[in-house]
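Residue-level structure breakdown
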Amino acid sequence: MSTPRLAAYRSTARLALIDILHEWRVSFCLILALAAVLAPLLVLFGLKSGIVTTMRDRLLSDPRTLEVVVVGSYRLDPAWLASLAKNPAVGFAIPRTRSLAATIDLQAAEGRSLAGAELVPTASGDPLLTGQTPPTGRDQVILSHSAAQKLAVSPGSQITALVARTLNGGRQVQRLPLTVGAVLPEASFGRDGAFVSLDMLAAVEDFRDGHDTPQPLQSRTFASLRLFAASLDAVQGLADQLRAQSIEVRTKADEIAMVKSVDKTLGSLFAIIASLAIGGYLLSLAASLWANVDRKRKDLALMRLVGFPPGAVMAFPVVQAALIAILGTSLSAALAGGVAWIVNSMLANTLSQEEFACLLLPGDIAVALAVTVVLALVASSLGGYRAARIDPAESLREI
């Protein structure tokens, strides 16, 4: 671009800014008109990001929703279990022994005891552990909330597991010292449970079956397994695969369908409202900028008369539109941010620390600014192109 042409564009930008400041009342009205349409739209998107996302996350955050419960006892060999673990639909899988053999009595200090706690095999990646390090040996245990309460223990406490069996007409009891590694939240496991390594669970079953030496895990069969799907969409398919192999399972398919239905319905509702708001916003923006360009047609024609090239004349309303779009979006973001703060403060008692009823992310503001500027440039360019094509002499005759 030549130096005179570049100077013309610089002069145009300066004149556009001076004109906005000179007609500050009109400019302020345009900015307010833009903010009046865009601010509710930002609040709408904030509510979608806040309320809908919070509701969906609460429904989907329960790992038990992904659980596929195996019903009955089977003979599951290591090869089949290894093949299942490689299935991309599987999020976590670990074999378990017969349910009758998977109970244990626990004793703690001061005579507290718990009879018939459920032994639950666990390992790394178990969704119910909520980030806790799983037990790796036969001397560690993670207790459910109810079990820990009944034993009055906490992480780091020492307890004793009692494993009883009847052999040759006599009752034998093996005492196993255990260290409580963690206590699960009540929401993770509602029963009296002791989460242990698969090695310990298998050793307990072998002891009760009369084997003093535990069998290697690689050469034994298991009666069942704990199984979690990798995602909500994978639950139904995984259940169907197991049923096709004559393994009966139960899932929370009804709850999953309800979650998806709620998510889809709310998403569609907000999409309809957002579409209507965006449509009104576009019409308002285009009308305001077009009217502003039309009002300055004579001034733009005069610029042509004194030697400004057509491109520079078109740049005049474009610069003004960009400034109005930036200022209007900034005001909209401030207003929407204030509304979001008020809404979140009003609902603070019903939300956790990491939840928001209205959540406006920087990315939402950036997208709104980019879209607003682009639309403003398009609307003003059309009007500027129309004004730039007016015969200057004809415009002067209208003065």
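1. What to know about helix α5 (residues 198-208)
With nine of its eleven residues buried, α5 lies for the most part within the structure. Buried within α5 are the following residues: L198, M200, L201, A202, A203, V204, E205, D206 and F207. Where α5 is buried, its residues meet β2 (90-96), β3 (103-107), β4 (113-122), β6 (158-167), β7 (170-183) and β8 (193-197). Trailing α5 by a residue or two, G210 shows a phi angle of about 95°, which is positive.

2. What about the sheet that holds strand β5 (residues 140-143)?
Pairing within the closed barrel is mixed, and its six strands lie in the order β3-β4-β8-β5-β7-β6. Between one strand and the next, the sheet's axes are offset by a mean angle of 45°, whatever the strand orientation. In this structure, β4 lies alongside β8, joined through five bridges in parallel fashion. Bridged to P121 within β8 is V196.

3. Structural notes on a nonpolar patch on the surface
Residues W341, I342, M346 and L347 make up a contiguous nonpolar surface patch of roughly 480 Å² in combined accessible area. Looking at the element boundaries, W341 is found in helix α9 (residues 310-346).

4. Brief notes about the pattern of salt bridges
By the definition in use, this model includes ten salt bridges. Between D126 and R226 there is a salt bridge; the shortest N-O distance is 2.7 Å. Here D126, found in the loop between β4 and β5, pairs with R226, found in strand β9 (residues 224-229); they are 100 residues apart in sequence, far enough to count as distant. R226 matches D126 in its accessibility class, with the two residues each being buried. When salt bridges that share partners are traced, they join R98, E205, D206, D209 and R220 into one network.

5. Concerning the nonpolar core
If you look at the biggest cluster of nonpolar residues, it comprises 60 residues, and the most contacted ones within it are L106, L143 and I159. Of the residues forming this core, the biggest block, six residues, is contributed by helix α6 (residues 232-244). Setting aside its immediate chain neighbours within four residues, I159 contacts L106, Q107, A108, V141, L143, V153, L176, P177, L178 and V180. Among the nonpolar cores identified, the runner-up in size contains nine residues, and A16, L300, M303 and F308 belong to it.

6. Re the environment of F207
Positionally, F207 belongs in helix α5. For F207, a relative accessible area of 11% puts it in the buried group. Between the C-alpha atom of F207 and that of V173, which follows or precedes it by 34 residues, the distance is 9.8 Å. Apart from the residues within four sequence positions on either side, F207 is in contact with V163, A164, R165, Q172 and Q174.

The rules behind the values
Residues numbered from 1 in each chain as written. Predicted model: local features only at pLDDT ≥ 70, side-chain atom pairs only at ≥ 80, totals over all residues. Heavy atoms only, no water. Buried < 20%, exposed > 50% of the residue type's maximum accessible area, 1.4 Å probe, protein only. Helix = DSSP H or I, 4+ residues; strand = E, 2+ residues; numbered from the N terminus. Contact = heavy atoms within 4.5 Å. Pairing = 2+ DSSP bridges. Axes fitted to C-alpha atoms, helices over the stretch in contact; angles between N-to-C directions. Patch = residues over 30% accessible without salt bridge, like charges linked within 9 Å, V, L, I, M, F, W, Y side chains within 5 Å. Areas by Shrake-Rupley, 256 points an atom, 1.4 Å probe, with all protein chains shown as cover. Salt bridge = Lys/Arg side-chain N within 4 Å of Asp/Glu carboxyl O. Core = buried A, V, L, I, M, F, W, Y, C linked by side-chain atoms within 4.5 Å.

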